[in-house]
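Listed below are the residues making up each chain.
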Amino acid sequence: MDVGNRATRLKPDTDRLRSDIEALSGFVDETKPGWTRRPFTVWYDRSRNWLAERMREAGLTVHVDAASNLIGLLPGSDPSLPPIMIGSHTDTVTGGGRFDGIIGVLAGIEIARLLKENGIALRHPLEVVDFTAEEPSEYGISTVGSRGMVGNLPDEMLERTDASGLTLREAIARQGGSPEKLAVQARKPGSAAVYLELHIEQGPVLEQTGHKLGVVLGIVGIHRYRTTIAGEPNHAGTTPMSMRRDALAGFCEIGLAFERLCKQTYAADVVGTIGKLTNEPNASNVVPGAVIFDMEIRSLDTSVCEEIYRAFAEEASQIAAARGLDLRLEPLSKSEAIPVEPKVKERIYEACASVAPTAMLPSGAGHDANQIARIAPIGMIFVPSRGGRSHCPEEWTDFEDVAAGVEALARAVLSFDDAPAPGGEA
Ligand SMILES: [Zn+2]
């Protein structure tokens, strides 16, 4: 099939995308700062009604699944093939921006329109999904809808309550879902040909390197640990320097050692952060007796996270011993990295590079793709975030850049549609 010829006809309408983004991001909770649209609220409901209408106009058949995801379906010419899925989310964090998530859903709708306007029929069905509650919800759970779609929303999560006492199960039902059907509707591995998501980068790399598009190499794994440094609290005026067991001074040395270890060169890119710390007793006239801090290490290669942690544990123990401090290390949580299959990466790169200057980069943040990876090969395209900023009112991506992302995504869809078994090749 002539992918090249068909692909060049799929030119997104930048003005149409712009007015879609402005309209959808305009459904905001005016009692909150920024562009806030929390899931399971009246504002979310209104935006979803608007979105369902746009899906229908684009020729998609609309339904809400058991997990309350809003899904638009375009049938393919070969009913035996699994769907190509395009998705993202339209909820925001409190005080969020206008692009995170919503461009990915609107991209799917724009692609459906372009296919229709150009008389192009796909072999695979195309599903455009607005996943419910991707951002951390009032229930302490993120990626609620994508979890539900793949059967990863256990009863323990469904029974959690928000501040008003409403359970997640009830919230999903109010949003149009059918929690009692979650198990029977749970999708199995292989039930989608490929899952594709267009998202803002939420970091500064594309802008600073002059690239317009980014092919995501994978979604990083996150290892979190807690460290307790115990010394001896004592009078800050009467305890000589040579006789102190100062936990905070020990932390300073240990914290810098962690930063140095994370800055070394490893087999894969890595970032490490100490973002939370307690100092006891935290009084200006007392030598600190204990410091407890949480650190996290993120990389596409989780063996690198482990390598850094091992080196850290050794060095921290030496520093503590030299200062007469006690050290306790405990793991908090580990999430595995989500790889993008090489063949999927190549196809997406080809599609992107034919549209605009393209970089390859990891995703340092989690997405619905983390969950959908349980049932299908996943791929993501990033567009630049001005100043690398997101989850704030200043979040911005130029509309031309969004359009380039949609065009690349459209080309990727055609390419996967022509592939014998997307992601399944050698
Ligand atoms: Zn997002």
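Residues numbered from 1 in each chain as written. Predicted model: local features only at pLDDT ≥ 70, side-chain atom pairs only at ≥ 80, totals over all residues.

Visitor: Account for the environment of Glu 307, with residues named and values stated.
Guide: As for its placement among the helices and strands, Glu 307 is situated in helix H11 (residues 302-322). Residue class for Glu 307 comes out partly exposed when judged on the 18 C-beta atoms lying within 10 Å of it. Separated by 46 residues in sequence, Glu 307 and Leu 261 place their C-alpha atoms 9.7 Å apart. (Helix = DSSP H or I, 4+ residues; strand = E, 2+ residues; numbered from the N terminus. Buried ≥ 20, exposed ≤ 12 C-beta atoms within 10 Å, placed from the backbone.)

Visitor: I'd love a proper account of the sheet that holds strand S9 (residues 270-280), names of residues and values included.
Guide: Pairing within the open sheet is antiparallel, and its four strands lie in the order S9-S11-S7-S12. If you trace the sheet from one side to the other, it starts and ends with S9 and strand S12 (326-335), each paired once. Neighbouring strand axes in the sheet, compared pairwise and without regard to direction, differ in orientation by 15° on average. In the sheet, strand S7 (residues 221-230) pairs with strand S11 (residues 290-299) via ten bridges, with the strands oriented antiparallel. Bridge pairing links Ile 222 to Arg 298 in S11. (Pairing = 2+ DSSP bridges. Axes fitted to C-alpha atoms, helices over the stretch in contact; angles between N-to-C directions.)

Visitor: Quick one: what's the story with the nonpolar core, residue by residue and with numbers?
Guide: By size, the foremost hydrophobic cluster in this structure holds 92 residues, and its most contacted members are Ile 111, Ile 381 and Leu 409. Take this core: its biggest share by element is eleven residues, from helix H14 (residues 399-418). Excluding residues within four positions of it along the chain, Ile 381 makes contact with Leu 198, Leu 213, Gly 214, Val 215, Ile 348, Cys 352, Gly 405, Ala 408 and Leu 409. Listed in part, the 20 residues of the second largest apolar core include Tyr 225, Phe 258, Ala 290 and Ile 297. (Core = buried A, V, L, I, M, F, W, Y, C linked by C-beta atoms within 7 Å. Contact = placed C-beta atoms within 7 Å.)

Visitor: Go over the packing of helix H2 (residues 14-25) against H14, please, and point to the residues and values.
Guide: Orientation of H2 relative to H14, taken along the N-to-C sense of each, is 110°, at an axis distance of 9 Å. By the criterion of interaxial angle, the relationship of H2 to H14 is roughly perpendicular. Residues Thr 14, Leu 17 and Arg 18 of H2 form the contact with H14, whose participating residues are Phe 399, Glu 400, Val 402, Ala 403 and Val 406. Tallied by class, residues from the contact of H2 with H14 come to five nonpolar, one polar and two charged. (Parallel < 35°, antiparallel > 145°, perpendicular 65-115°, else oblique. Nonpolar A, V, L, I, M, F, W, Y, C, P; charged D, E, K, R; others polar.)

Visitor: Quick rundown of H2? Include the residues and the values.
Guide: In this model, H2 (twelve residues) spans 16 Å end to end at C-alpha, consistent with the 16 Å of a helix rising 1.5 Å per residue. The set of residues buried in H2 consists of Leu 17, Asp 20, Leu 24 and Ser 25. Projected down its long axis, H2 carries its buried residues within an arc of 110°, all on one side. Of the exposed residues in H2, those oriented more than 90 degrees away from the buried face are Asp 15, Ser 19 and Glu 22. Packed against the buried residues of H2 are helix H3 (42-57), helix H4 (102-117) and H14. (Expected span 1.5 Å × (residues − 1). Arc of directions from axis to C-beta.)

Visitor: Help me get a handle on the domain arrangement of the chain, residues and values and all.
Guide: For the chain, the assigned domains read domain 1 (3-219 + 337-418) and domain 2 (221-335). With centres defined by C-alpha atoms, the gap from domain 1 to domain 2 works out at 38 Å. Taken residue by residue, the interface counts five residues in domain 1 and eight residues in domain 2. When the residues that make up the side of domain 1 that touches domain 2 are grouped by side-chain class, the tally is three nonpolar, two polar and no charged. (Domains from an automatic or database assignment.)

Visitor: Report on the pairing of strand S2 (residues 70-74), specifying residues and quantitative values.
Guide: Of all five residues making up S2, four are buried, and the element is well covered by its neighbours. The pairing of strand S1 (residues 61-64) with S2 spans four bridges and is antiparallel. Directly across from His 63, in S2, lies its bridge partner Ile 71. Count of turn residues in the S1/S2 antiparallel hairpin: five residues, of which Ser 68 carries a positive phi of about 75°. Relative to strand S4 (residues 126-131), S2 runs antiparallel, the two sharing five bridges. Bridge pairing in S4 links Ile 71 to Val 129.

Visitor: So, unusual backbone geometry: which residues are in play, and what are the values?
Guide: With an omega of 0°, the peptide bond between Glu 280 and Pro 281 qualifies as cis. Within the secondary structure layout, Pro 281 lies in the loop between S9 and strand S10 (286-287). The phi angle at Thr 143 is positive, at roughly 45°, despite the residue not being glycine. Mapped onto the elements, Thr 143 comes out in the loop between S4 and helix H5 (144-149). The phi dihedral of His 391 falls on the positive side, at around 55°, and the residue is not glycine. Looking at the element boundaries, His 391 is found in the loop between strand S15 (378-383) and H14. Residue class for His 391 comes out partly exposed when judged on the 17 C-beta atoms lying within 10 Å of it.

Visitor: Please give an account of the packing of helix H12 (residues 342-353) against H14 that cites residues and values.
Guide: Two numbers describe a pair of packed helices, the interaxial angle and the distance between the axes. Their axes nearest at 8 Å, the elements H12 and H14 cross at an angle of 135°. The angle between H12 and H14 places the two elements in the oblique class. Along this stretch, H12 crosses H14, giving a crossing that reads as right-handed. Across the interface between the two elements, Arg 347, Ile 348, Glu 350, Ala 351 and Cys 352 from H12 touch Ala 408, Arg 411, Ala 412, Ser 415 and Phe 416 from H14. Tallied by class, residues from the contact of H12 with H14 come to six nonpolar, one polar and three charged. (Left-handed = near helix turned anticlockwise from the far one by under 90°.)

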